[in-house]
Amino acid sequence: MRVNEEERWLKRERDIEGIEEERERRDDSYEEAKMCGIALIVSGIRLTPSSIIDKAISPSTKSESVAFTVDDLKAALRRRGPDSLGSKRVLLELEHGSSSKNEAVLVSSVVEDDETDSEVLFVGGCREMGGHGSLDNGENGVHGRKIFVEMNFIGAVLQLRGEDPVVQPLVDTSVNILVYNGEIFGGIEIGSNRNDAETLMQSLGGCCSCYSHRDASTCVGKNIPELLSSLKGPWGIIYWQDASKTLWFARDAFGRRSLLVHWPSPEDSRLLFTSVSPPCSSSEALTSEALLRCLFLIEPACGPYIFFNSLSCLVNETEDGSISLSYWEELPCGVYSLTMGGIHIAEECIEANTYLHTKLRKHEWTNSTLQALIDWERKFVVPTHEHLHSSGCLIPRGLLQSLMFRPAKLALAAMRESVFRRSIHNSTFQEGSVPIAVLFSGGLDSMILAALLHECLSAKYDIDLLNVSFDGESAPDRITARAGVEELKRFSPSRRWRLVEIDDVLSNLVVEMKHVMSLINPAKTYMDLNIGTALWLAARGHGWMYEASSDSNDGLYKRVRYKSKARILLVGSGADEQCAGYGRHRTKFRSNSWSGLQEEMKLDMQRIWKRNLGRDDRCIADNGKEARFPFLDEDVIRVLLDSPLWEIADLNQPTGTGDKKILREVARLLGLHDAAALPKRAIQFGSRIAQESNRKNFGSNRAANMASAGSVEFFGS
């Protein structure tokens, strides 16, 4: 890291005094923010096989059969974005050119969505579409031309700032269309009283619209991959660039916003994108009693390997007994394009007067700083003896402590700025209300987030701390949460901290777990289900809190029902991956020392989009809440990656000391000395949902451990 960058972070870390003024300035500068559910349905194209999706479109691959309506899809998106819902359809019609009868031109038109939403979109995996709002290549289109491609864009919006409603999809004067889910914290200038979606739409409209996008030197202005590579923050987009007849879709480099894809398959030739998988509405639903039998082994024949075809379209059993691919998959992080054709389209690109052939391309990130974060190569990995035993060096004690805490101070400054960016909210919230909550176990990560949120949030607001337990007061996370609140009260006595205690048991959650199975799709293990259920309950915010008794002056408190209305939820995802918080990190360190630890952490960071973030985003957003991940801010990642590995963690030290070493030092710098000594505990274990799930599904924790329950899929494999 360059010296001037270090000084900037350290200056920021020292300059807490001016944070109130900066907060007010930012709240005035940003008029609107939103979290969205987005989707796109594309009919009438045939993808040329490529390395990106060879498996998905191979003729020998069997894809599951599903059935849901556009209404089902919109309903799932509406749960993410309850404030507005819109849709636009783009029709690509074929017009024969005058210069050659073997060439044709694609002409686009945008039409308003009509009342076709209740049509079954997919039945048995593939359905011939016809009638209103559907592809019918054998008939004339809206201008007497044949419709070859139809694209249905859908957007649902959760308004977080501003009073004027924003409706997606956005359409500009050049007939470009955007559906966007995310927040921009840098890369393009967001003007006063502008929202990020409108600004991004304007920036995309100014990008080069050449057909190749292969050589930046031939592009007029910035090209789209270059623009998207410059963005900081979580985002997923789908964008139609009309001039080049190109469909762009992309997901940020760390996958902090969910975007699922169904690649065209022999069973279903359509291309689909969505923020969340809709439940299967047309398949035969399991009754609550049947679901109980399978989930909780009331009938032992169900076993731990369960086939749930009717739950969430996860799998489909074929006639030969094999299991097909999941219908949905996480879109890998990156920027992709599908060009429908140049100015002229050769007739041989059109198959049997039915499909338009197009090729999928994946573009490289053009920002070298971003690429370095993706590559996740650390410069300083293996320490010398002096690095680990610097206390024996002849360095003055004060200077030694300053040097030892320098990485932690840099990390604290970056984390404070990250929370600051993510604490911007609707300024119309009243005093005493709760705009932002923290997913709270009372552990190291959530304590740091709570303390930093206190520093970044106006004193007039309360802070909700959402804590989930499946074992009442006995769950480890409930115990540490209550202790953590007491430490936070000492840290900031003036703030009103609301510990929201969310209690439940699995046997009461049959319907809810069926819904969560749909949300975590395509994830499909018991561990995913346990984590997803805990996150979903936390985000829902229905629980209990303690308040002073109104009829007593002796300091007594009563437990009352409470529902958190915070629309923003800070989550500690990314802390364990970057700071060696998992047990597998210690195992790898024992066998392969520092280099092995670095490679394991790198693997975790490069697969976090697939294993964690999409699932977590969907489960939290389903309650109309936006998940924000401060530890996965680009600047936080860069500061941690620039730090020597031995400053991040020292797994020669015992648990609770050497793991997440740098975060423990950050906690001490904040004055959270009790939290700094707490061991790592995952939400499924701290809430004890895993223990209850193991008893119900495997008979006991011991049997579950023998079966490696965490990786067992809850359908046949």
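Residues numbered from 1 in each chain as written. Predicted model: local features only at pLDDT ≥ 70, side-chain atom pairs only at ≥ 80, totals over all residues. Heavy atoms only, no water.

### A few points about helix α15 (residues 526-540)
Here α15 spans 21 Å end to end across 15 residues, near enough to the 21 Å set by a 1.5 Å rise per residue. In terms of burial, α15 is largely enclosed, as 13 of its 15 residues are buried. Taken from the residues just after α15, Gly541 is the one with a positive phi, measuring 80°. (Helix = DSSP H or I, 4+ residues; strand = E, 2+ residues; numbered from the N terminus. Expected span 1.5 Å × (residues − 1). Buried < 20%, exposed > 50% of the residue type's maximum accessible area, 1.4 Å probe, protein only.)

### Some words on the packing of aromatic side chains
Summed over all chains, the structure comprises seven aromatic pairs. Geometrically, the ring pair formed by Trp235 and Trp365 is edge-to-face, given 6.3 Å between the ring centres and 75° between the ring planes. Here Trp235 is found in strand β9 (residues 235-241), whereas its partner Trp365 is found in the loop between β17 (355-363) and α9 (368-375), with 130 residues between them in sequence. In this structure, Trp235 and Trp365 share a single accessibility class: buried. Aromatic side chains Phe249 and Phe273 sit 4.4 Å apart centroid to centroid with 40° between the ring planes, which places their arrangement in the tilted category. One end of the pair, Phe249, is in strand β10 (residues 246-251); the other, Phe273, is in strand β12 (residues 271-274), with 24 residues separating them in the sequence. In terms of burial, Phe249 and Phe273 fall into one category: buried. Cluster of aromatic residues (ring-pair linked, three or more members): Phe249, Trp263, Phe273 and Tyr336. Sitting above the plane of the Tyr582 ring, Arg584 keeps its charged end 4.2 Å from the centroid. (Phe/Tyr/Trp six-rings, centres within 6.5 Å; stacked < 30°, edge-to-face > 60°. Lys NZ or Arg CZ within 6 Å of the ring centre and 35° of its normal.)

### Considerations on the packing of helix α14 (residues 510-520) against helix α17 (residues 583-621)
One way to put it is that α14 packs onto α17 with a least axis distance of 8 Å and a crossing angle of 135°. The pairing of α14 with α17 is recorded here as oblique in orientation. Considering the relative orientation of α14 and α17, their crossing is right-handed. Facing α14, whose interface residues are Val516, Leu519 and Ile520, α17 presents Arg615, Arg618 and Cys619. (Axes fitted to C-alpha atoms, helices over the stretch in contact; angles between N-to-C directions. Parallel < 35°, antiparallel > 145°, perpendicular 65-115°, else oblique. Left-handed = near helix turned anticlockwise from the far one by under 90°. Contact = heavy atoms within 4.5 Å.)

### Examining empty space enclosed by the protein
Scanning the model with the defined rule gives three cavities of 30 Å³ or more in all. Within this model, the second largest cavity holds a volume of roughly 50 Å³. In terms of residue class, the lining of the second largest cavity is made up of three nonpolar, no polar and five charged. (1 Å grid on protein atoms, 1.4 Å probe; cavity = no way out; pocket = protein on both sides within 12 Å on 5 of 7 lines; lining within 4 Å. Points joined across faces, edges and corners; volume = space filled by probe spheres on them. Nonpolar A, V, L, I, M, F, W, Y, C, P; charged D, E, K, R; others polar.)

### Looking at the confidence of the model for the protein
Chain-level statistics for the protein give a pLDDT mean of 80 and a share of 71% at 70 or above. No element of the protein has a lower mean pLDDT than helix α8 (residues 309-312), at 34, and none a higher one than helix α16 (residues 575-579), at 98. With pLDDT under 50 throughout, residues 27-32 is counted as low confidence; its partners more than four residues away or in other chains account for 23 contacts. Ignoring residues within four places in sequence, the model shows residues 281-324, a span with pLDDT below 50, making 111 contacts including any to other chains. (pLDDT = per-residue confidence, 0-100.)

### Regarding the nonpolar core
The biggest cluster of nonpolar side chains holds 143 residues, and the ones touching the most others in it are Leu178, Leu200, Ile237, Phe440, Leu465 and Leu663. In contact with Leu178, other than residues within four places in its own chain, are Gln168, Pro169, Leu170, Ala197, Leu200, Met201, Leu204, Ile237, Ile238 and Tyr239. Counting 32 residues, the second-largest nonpolar core is a separate cluster that includes Phe148, Val157, Leu331 and Tyr336. (Core = buried A, V, L, I, M, F, W, Y, C linked by side-chain atoms within 4.5 Å.)

### Brief notes about the side chain of Ser230
Position of Ser230 relative to the elements: it lies in helix α6 (residues 224-230). A distance of 2.6 Å separates the side chain of Ser230 from the backbone oxygen of Leu227, its partner in a polar contact. Not counting the four nearest positions on each side in its chain, Ser230 is found in contact with Gly186, Gly187 and Asn367. (Polar contact = N/O pair within 3.5 Å; in protein donor to acceptor, adjacent residues only side chain to side chain.)

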